[in-house]
Amino acid sequence: MKKRILSAMLSLAMAATLFAGCGGGDSAGGKAGGDKKVGVAMPTQSSERWINDGANMKSELEKLGYEVDLQYAEDDVQMQVSQIENMIASGVSCLVIASIDSSALVNVEAQAKEAGIPIIAYDRLLMDTDAVSYYATFDNKGVGTAIGKYIEEKKDLPGAQSAGENYTIEFFMGSPDDNNAKMLYDGVMEVLQPYLDDGTLVCKSGRTSFDDTCILRWSQETAQQNCENYLTGFYADEDLDIACSAFDGFAYGIKAALEGAGYTDANWPMITGQDAELMAVKNIISGKQSMSIYKDTRLLAAKCVTMVQAVLEGAEPEINDTEQYNNGKIVVPSYLCTPVAVDKDNYQKEIVDGGYYTEEQLAE
Ligand code: BGC
């Protein structure tokens, strides 16, 4: 008799262990995702950062026992709409969306709301909808001010200003359908506009407004094309000193345009970027890009996962901004991670020591 009870207890214990194993681990509160599925809609695999974002989200959610449906839409808005429709039809419990066009998902977001499926906006704000519960992102205006301040400091613009010197500059800003791009532009101009106004910075193309410098879908090819046009149209007699670019992908296009126009180490301009992609950090090391904005996607994924848990399990997510992100319908409670400017002087400390890339990856 005793033996039978003992063996029954053992089987129960084994079953419990197996069950926990299937769940893939416990959250801090010991609660697992159970049979809940989370749909993660990402914009594109054409840029490395989104591949990392998707992979981090998937593994963080799976660790908590959630099933994950991760989809990339290759910058095709209609494809993203269908992917989200399919996720809703397949019975996901929550949607995490990094949009391609932030305003194009209004109908499918309304469908999710109807079906009782909460939505978390990932990195890019979802506009014109009241169906979004939380927003995990980086301080997008802060990205712009960090780029502006880097230019101001490294080119010593206050010094140039008092000496009556000037630098030439061209702007390559993000996609007009991405709210982040406008905020970044505002941040850049908060720092640089006074220097444009007094002639310390000279933009020979005259293109300084957001509308004149934005690049649809963050296209590297368009950035290269624009840079080629600027160089042939306005820089035949004078070098371009600064390419103020909002994205590492643009920096690659600008680099190609400069090489095509015969720029060398002797007159290579300052080039900024965003995302600290592996290729960009390699270019920083070799001197072909000056800086990038490091956004630790592991941190962003971790914050986003706390929001998923909040809507599914009633936990409290950490929020640090309840003012800036008005999407036209509601102010979305947000967590803003801090972006860090990296260049050849601090990439080691920030990126290698922080375990984002290894020395080996950067040396390949
Ligand atoms: C992101 C940036 C990224 C850009 C292009 C933006 O929404 O915030 O980190 O560089 O999209 O993918």
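Data block above holds the structure.
> Account for the site of the ligand, with residues named and values stated.
Taken together, Arg-49, Trp-50, Asp-123, Arg-124, Asp-178, Asn-180, Trp-218, Phe-247, Gln-274, Asp-275 and Lys-295 make up the full set of residues near the ligand. At a separation of 2.7 Å, an oxygen atom of the ligand approaches a polar side-chain atom of Arg-49. At 2.7 Å, a side-chain N or O of Arg-124 approaches an oxygen atom of the ligand. When the ligand is considered free in solution it has 310 Å² of accessible area, and contact with the protein chains removes 98% of it.

> Tell me about the side chain of Asn-56, and name the residues and values.
If you trace the backbone, Asn-56 turns up in helix α2 (residues 48–63). Polar side-chain contacts of Asn-56 include one of 3.1 Å to the side chain of Thr-297. Setting aside residues no more than four positions away along its own chain, Asn-56 makes contact with Thr-297, Arg-298 and Ala-301.

> Any chance you could break down the packing of aromatic side chains for me, citing the residues and the numbers?
The relation between two aromatic rings is expressed through the spacing of the ring centres and the mutual angle of the planes. Under the counting rule described, the total for this entry stands at eight aromatic pairs. With centroids separated by 5.6 Å and ring planes inclined at 65 degrees, the aromatic side chains of Tyr-185 and Phe-210 adopt a geometry described as edge-to-face. Residue Tyr-185 is found in helix α7 (residues 179–197), and its partner Phe-210 is found in helix α8 (residues 210–213); the two are separated by 25 residues along the sequence. A relative accessible area of 11% means that Tyr-185 is categorised as buried. Residue classification places Phe-210 among the buried residues on the basis of a relative accessible area of 10%. Ring centres 5.0 Å apart and planes at 55 degrees place the aromatic pair Tyr-356 and Tyr-357 in the tilted group. The same class applies to Tyr-356 as to Tyr-357, namely buried. Through pairs of rings, three or more aromatic residues link up here, namely Trp-218, Phe-247 and Phe-250.

What counts, and where the lines are drawn
- Residue indices begin from 1 for each chain and proceed along its sequence in written order.
- Where local features are concerned, this predicted model is filtered to residues with pLDDT of at least 70; where side-chain atom pairs are given and counted, the filter is 80 or more; whole-chain, interface and lining totals use all residues.
- As a convention, hydrogens and water are excluded, and side-chain values are obtained from all of the structure's heavy atoms.
- Residues are labelled near a given molecule or strand when at least one of their non-hydrogen atoms is within 4 Å of it.
- Polar contact is the term for a pair of N or O atoms within 3.5 Å; when the atoms are in protein, one must be able to donate a hydrogen and the other to accept it, and sequence-neighboring residues count only if both atoms are side-chain atoms.
- For accessible areas, the Shrake-Rupley method is used with a probe of radius 1.4 Å. Any residue's cover is judged against the shown protein chains and nothing else.
- By the criteria applied, helices consist of DSSP H or I runs no shorter than four residues and strands consist of E runs no shorter than two, each listed in order from the N terminus.
- Contact between two residues is taken to exist if any of their heavy atoms lie within 4.5 Å; hydrogens are not considered.
- Only Phe, Tyr and Trp rings take part, Trp by its six-membered ring, and two of them pair if their centres are within 6.5 Å. Stacked means planes under 30 degrees apart, edge-to-face means over 60, and tilted covers everything else.
- Remark: exposure states derive from per-residue accessible area (1.4 Å probe, protein chains only) relative to the maximum for the residue type, with buried under 20%, exposed over 50%, and partly exposed in between.

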